[in-house]
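Reading the structure
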Amino acid sequence: MKKLVLLVAIFAVLLNISCNKEDFLDQPLTGRQQLDDYFSTEENSVNFVNGIYKKVNGESWWQAIFPRQINDMATDDNWSGNTLQPRPDITGIAAYNVFPGSTYFNSFWENHYIGITRANISIERIPDVEMDEDLKQRLLGEAKFLRAFFYFDLVRSFGGVPIVTTYTELLEPAINDKVRASVEEVYQLIEADLLSAAEALPFKSQYASQDLGRATKGAAQSLLAKVYLTQEKWSQAQTMANNVMMSGEYSLEPDFADIYNVENHHGVESIFEIGYINNPLYNEIGGQLSITNGSRGDQGWGWGSPTSDLENAFLSEGDNIRLRSTIIKHGEPVYGDPDVTEFNGMPSENKSGRTNRKTYVPVAQRPVPYERGQIPLQDIHLRYADVILMHAEASYFVGDENAAKASMQLVRDRVELSTDMSLTGTALRDAIWKERRLELALEHERLFDLRRQKINGVPRIALIMGPNGSFVHYNTEVSTDPFETSNLNEPQDKGVFFDPSAHLLWPIPPEEIQLSRGNIVQNPGY
């Protein structure tokens, strides 16, 4: 936790404090006084809370959004993809030959604790600011929502993590003795924050247009439903998802392709998203994934290539509507982009010759220059279809199969798929899980779904990955995909090294363990 003490230096920049970092750390009382001076106006309070949102995706490609992309690479939905520039700290994670010292684990951890610290400062300081009371409560609700968001990311990735809830404790010597809280303790904090946020935050419809993108009551309830679902608190998950569904605030986009339309920011299905713009005068104000995910034949980096296994899942369901808006395949037209009739998936440099359509921007809608940090495509973290499917899954597990099928049907109707209303038992469960895969493919949900979903007590990821896993078997014994089986620069047996005794969590960054003087203990197997 010594690393957390260093985070106060971040706020020297954020608060426009001109002081040497070492001097600042040596004079914590001065730091407190400077915060007192800063939190003296309503405007400054709003600006400070705005700064918390920057850490949701990080302030550059490598801090948070790319580690989430790596999570998808560690599933049956994605290869690491880029076979021209193999990176052991990327491809190793995707193949479960995990390098604990990967930059991406460390940056993800650090980014999230910076966000937590910003939220803690807001929660600690804003109550004393003279300002409109409704605005004050909203800002506190936003800060609590975001703190819960960061801790939820951390606990799902690393297990129990150190809990810090105030800025003041960062300035005390005891911060160096912090240890990991239990998973249960982290979830208790997350739930408390989200319940409080849901009480304080307005509905999406109550925000002015310039404030769209801020946390809402629906966002807090949706995230809380996912928190409950992850812990198998099925009844609470069902209730919270139902609250969102009954609010009247959201609806499914009539056309699935419009969810990730670059011109459809904060659409009717969007519950919590990070919006982007482009302006060549400023760096890092646009999205990253269109480039990091994009084909090397289309100005991209080629990371995160959809698998033929995922494509087959769509085909087995007759699901052409979602397939065409999820996967672009080498040599084929790009759905929704009349300017590209034969896509260059660069299969000689890309494992599968496939690209994520959800992060693709049609040629006519691309900014100039078309480059990382300038892409105005939104990144959606919570959307309505996800909530409906959470309701379906939770309903199944509380024994309300009719409600489960009704919710699943809502999602399938949108893409013109019939629903077998006679489904029951494990067949219904499996259908709901498959629906989540197809609906939310390549949206950074798959890894956490596979870790939490269990069959006879065994996490599904352990049945899909590993030497006897279905994904490994498919790729090594069954697949005849012409791209994947010919480009072996990424091994066809990806996932064979998966070990359920280790890989249900990622390793704690070794640098954090070292800086904590061993107070933070590494996860088993690393």
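These numbers were taken from a predicted model, which means no experiment stands behind them.

Once that is clear, we can look at the overall build of the protein chain. The secondary structure content of the protein chain amounts to 22 helices and eight strands. Expected size for 526 residues packed as a compact globule is a radius of gyration near 24 Å; at 23 Å, the protein chain falls within 12% of this value. Taking the principal axes of its C-alpha atoms as reference, the protein chain extends roughly 65 × 50 × 45 Å. Looking at the protein chain residue by residue over its 526 residues, the buried ones come to 60%. As displayed, the protein chain has an accessible area near 20000 Å², and 50% of this comes from carbon and sulfur atoms. For the protein chain, the distance from the average site of its 47 positive side-chain charges to the average site of its 72 negative ones is 3 Å.

Counting residues in each nonpolar core, the largest one holds 106 residues, and the members touching the most others are Phe 145, Tyr 151, Phe 158, Ile 190, Leu 194, Phe 272 and Trp 506. Excluding residues that lie within four positions of it along the chain, Ile 190 makes contacts with Ala 148, Tyr 151, Phe 152, Val 155 and Val 227. Counting eight residues, the second largest nonpolar core, distinct from the first, contains Ala 313, Leu 323, Ile 327 and Ala 441.

Relative to the helices and strands, Ile 65 resides in helix H6 (residues 65–73). We classify Ile 65 as buried; its relative accessible area is 4%. Through-space distance from the C-alpha of Ile 65 to that of Tyr 151 is 16 Å; in sequence the pair is 86 residues apart. Sequence-distant contacts of Ile 65, defined by excluding residues within four places in its chain, comprise Asn 57, Gln 288, Leu 289, Asp 379 and His 444.

Moving on, we come to the pattern of salt bridges. All chains considered together, the criterion is met by 45 salt bridges. A salt bridge links Asp 76 to Arg 446; the shortest N-O distance between them is 2.9 Å. Of this pair, Asp 76 sits in the loop between H6 and strand E1 (78–79) while Arg 446 sits in helix H19 (residues 446–452), placing them 370 residues apart in sequence. Arg 446 shares its class with Asp 76; the two are buried. Residue Glu 311 pairs with Lys 329 through a salt bridge whose shortest N-O separation is 3.2 Å. Of this pair, Glu 311 sits in helix H14 (residues 308–316) while Lys 329 is found in strand E4 (residues 327–329), placing the two residues 18 residues apart along the sequence. Taken individually, Glu 311 and Lys 329 each receive the classification buried, so the pair is uniform in this respect.

The tally for this structure, following the rule as stated, stands at 24 aromatic pairs. Look at Tyr 38 and Phe 39: their rings are 5.5 Å apart centre to centre, the planes differ by 80°, and that puts the pair in the edge-to-face class. Of the two residues, Tyr 38 and Phe 39, both sit in the buried class. Between the aromatic rings of Trp 61 and Trp 301, the centroid separation amounts to 4.9 Å while the plane-to-plane angle is 90°, which identifies the pairing as edge-to-face. Placement of Trp 61 in the loop between helix H5 (42–53) and H6 and of Trp 301 in the loop between helix H13 (289–292) and strand E3 (305–306) is noted, with a sequence separation of 240 residues between them. Classification of Trp 301 by relative accessible area gives partly exposed; the value is 26%. Ring pairing ties together the aromatic residues Trp 61, Phe 66, Tyr 104, Trp 301 and Trp 303, which thus form one cluster. It is Lys 217 that lies over the ring of Phe 203; its NZ or CZ is 5.6 Å from the centre. The positively charged end of Lys 351 is found above the aromatic ring belonging to Trp 79, 4.7 Å away from the centroid.

Attention now moves to helix H12 (residues 234–246). Taking 1.5 Å of rise per residue, 13 residues should cover 18 Å, and H12 covers 18 Å from first to last C-alpha, within 8% of that figure. Contact partners of the buried residues in H12: helix H11 (217–230), strand E2 (270–274), helix H16 (384–397) and helix H17 (401–414). Where H12 terminates, the next one or two residues include Gly 248, which has phi positive at roughly 75°.

With respect to burial, strand E6 (residues 379–383) is a largely interior element, five of its five residues being buried. Pairing analysis gives four bridges linking E2 to E6, with the strands arranged antiparallel. Note that in E6 the partner of Glu 273 across the bridge is Ile 380.

It is at 11 Å that the axes of H17 and helix H18 (residues 425–440) come closest, and there the two elements cross at 30°. In terms of axis orientation, H17 runs roughly parallel to H18. Handedness of the H17/H18 crossing: left-handed. Across the interface between the two elements, Glu 401, Ala 404, Lys 405, Met 408, Val 411, Arg 412 and Arg 414 from H17 touch Gly 425, Leu 428, Ala 431, Ile 432, Glu 435 and Glu 439 from H18.

Judged by side-chain charge, Glu 42, Glu 43, Asp 132, Glu 133 and Asp 134 come together as a negatively charged surface patch. Looking at the negative patch, the elements with two or more residues in it are H5 and helix H9 (133–158). By the element assignment, Glu 42 lies in helix H5.

Now for H17. Side chains that are three or four residues apart share a direction in an α-helix, a result of its 3.6 residues per turn. Counted at 1.5 Å a residue, the expected span for H17 with its 14 residues is 20 Å, and the 21 Å between its end C-alpha atoms agrees. On its buried face, H17 sits against H12, helix H15 (320–324), E6, H16 and H18. Of the residues one or two after H17, Glu 416 is the one with positive phi, at around 60°.

Interpreting fine coordinate detail is not advised for predicted regions of low pLDDT. On average, the protein chain scores 93 in pLDDT, and the residues at 70 or more come to 94%. In the model, residues 1–30 has pLDDT below 50 throughout and makes 51 contacts with residues more than four positions away in sequence or in other chains.

This brings us to the side chain of His 503. On the secondary structure map, His 503 appears in the loop between helix H21 (470–478) and helix H22 (510–515). Assessed through its relative accessible area of 7%, His 503 is described here as buried. Setting aside residues up to four positions removed in sequence, His 503 forms contacts with Tyr 96, Val 98, Arg 451, Phe 497, Phe 498 and Tyr 526.

What follows deals with the packing of H6 against helix H8 (residues 103–125). In the contact formed by H6 and H8, the axes pass within 9 Å of each other and the chain directions differ by 130°. Viewed along their axes, H6 and H8 adopt a mutual orientation that is oblique. Our pair here, H6 against H8, has a crossing hand that is left-handed. Together, Phe 66, Pro 67, Arg 68 and Ile 70 of H6 and Tyr 104, Ser 107, Phe 108 and His 112 of H8 make up the contact between the two elements.

Rules of the game
Residues numbered from 1 in each chain as written. Predicted model: local features only at pLDDT ≥ 70, side-chain atom pairs only at ≥ 80, totals over all residues. Heavy atoms only, no water. Helix = DSSP H or I, 4+ residues; strand = E, 2+ residues; numbered from the N terminus. Rg over C-alpha atoms; globule rule 2.2 N^0.38 Å. Buried < 20%, exposed > 50% of the residue type's maximum accessible area, 1.4 Å probe, protein only. Areas by Shrake-Rupley, 256 points an atom, 1.4 Å probe, with all protein chains shown as cover. Lys, Arg positive; Asp, Glu negative; His and termini not counted. Charge placed at Lys NZ, Arg CZ, Asp CG, Glu CD. Core = buried A, V, L, I, M, F, W, Y, C linked by side-chain atoms within 4.5 Å. Contact = heavy atoms within 4.5 Å. Salt bridge = Lys/Arg side-chain N within 4 Å of Asp/Glu carboxyl O. Phe/Tyr/Trp six-rings, centres within 6.5 Å; stacked < 30°, edge-to-face > 60°. Lys NZ or Arg CZ within 6 Å of the ring centre and 35° of its normal. Expected span 1.5 Å × (residues − 1). Pairing = 2+ DSSP bridges. Axes fitted to C-alpha atoms, helices over the stretch in contact; angles between N-to-C directions. Parallel < 35°, antiparallel > 145°, perpendicular 65-115°, else oblique. Left-handed = near helix turned anticlockwise from the far one by under 90°. Patch = residues over 30% accessible without salt bridge, like charges linked within 9 Å, V, L, I, M, F, W, Y side chains within 5 Å. pLDDT = per-residue confidence, 0-100.

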